[in-house]
Amino acid sequence: NTAVFVKVWDQVREDGRYLRYDWTIKADADCVFLPDRLRQHIWSLRVPPNQAIYLKNNDQGKRGNDGFLGAIEVFTKKAVEMYFDNSADCAKYLGTNSGEDG
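No experiment lies behind these values; they were computed from the predicted model shown. (Residues numbered from 1 in each chain as written. Predicted model: local features only at pLDDT ≥ 70, side-chain atom pairs only at ≥ 80, totals over all residues. Heavy atoms only, no water.)

## Some words on the nonpolar core
Here's step 1: Formed by W23, C31, L38, I42, L55, I72 and V74, the largest nonpolar core amounts to 7 residues.
Here's step 2: Elements supplying a minimum of two residues to this core: α2 (35–45) and β3 (72–76).
Here's step 3: Sequence-distant contacts of I42, defined by excluding residues within four places in its chain, comprise W23, L55 and V74.
Here's step 4: With 6 residues, the next largest nonpolar core counts W9, F75, V80 and F84 among its residues. (Core = buried A, V, L, I, M, F, W, Y, C linked by side-chain atoms within 4.5 Å. Buried < 20%, exposed > 50% of the residue type's maximum accessible area, 1.4 Å probe, protein only. Helix = DSSP H or I, 4+ residues; strand = E, 2+ residues; numbered from the N terminus. Contact = heavy atoms within 4.5 Å.)

Spelled out as structure tokens, the structure:
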């Protein structure tokens, strides 16, 4: 279902609301998401403005696809923009023939 996620991100780009915020969060329907805890974590990172940051969401090493699997994904605006600037190459080189968890 990777192709579905690519299409959803295309809709996020077209919608443009992400541009009004410093961070974008993608949470699965079954995710337990506690905004206050995430806000505290993000605040403690002291990320400088205009940095492309993706917060790894697990600490499972190779079992967890090096931190890129899980029910929540957290990106700075710059990281989302970087993805959009390179999304065609992501689809070309990484493919769209996998599930959401690898």
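## Some details on the layout of surface pockets
Here's step 1: Here the second largest pocket is characterised by a volume of approximately 460 Å³.
Here's step 2: As for the second largest pocket, its lining consists of 19 residues, of which D22, W23, I42, V47 and T76 are closest to the centre.
Here's step 3: Only β1 (23–27), α2 and α3 (77–94) provide two or more residues apiece to the lining of the second largest pocket.
Here's step 4: If you tally residues by element for the lining of the second largest pocket, the top one is α2, at 5 residues.
Here's step 5: The residue inventory of the lining of the second largest pocket, partitioned by class, reads 10 nonpolar, 3 polar and 6 charged. (1 Å grid on protein atoms, 1.4 Å probe; cavity = no way out; pocket = protein on both sides within 12 Å on 5 of 7 lines; lining within 4 Å. Points joined across faces, edges and corners; volume = space filled by probe spheres on them. Nonpolar A, V, L, I, M, F, W, Y, C, P; charged D, E, K, R; others polar.)

## Looking at the packing of aromatic side chains
Here's step 1: Under the counting rule described, the total for this entry stands at 6 aromatic pairs.
Here's step 2: The interplanar angle of 65° and the centroid separation of 6.3 Å between the aromatic rings of W9 and F84 together place this pair among those described as edge-to-face. You can see W9 sitting in helix α1 (residues 2–15) and its partner F84 sitting in helix α3, a full 75 residues away along the chain.
Here's step 3: Taking relative accessible area as the criterion, F84 reaches 6% and is therefore assigned buried.
Here's step 4: Relative to F75, the ring of Y54 lies with its centre 5.1 Å away and its plane at 55°, an arrangement referred to as tilted. Of this pair, Y54 sits in strand β2 (residues 54–55) while F75 sits in strand β3; the two residues are 21 residues apart in sequence, bridging distant segments of the chain.
Here's step 5: Connected via pairs of aromatic rings, a cluster forms that spans W9, Y18, Y54, F75, Y83 and F84. (Phe/Tyr/Trp six-rings, centres within 6.5 Å; stacked < 30°, edge-to-face > 60°.)

Limitation: the analysis is restricted to geometry and does not speak to function.
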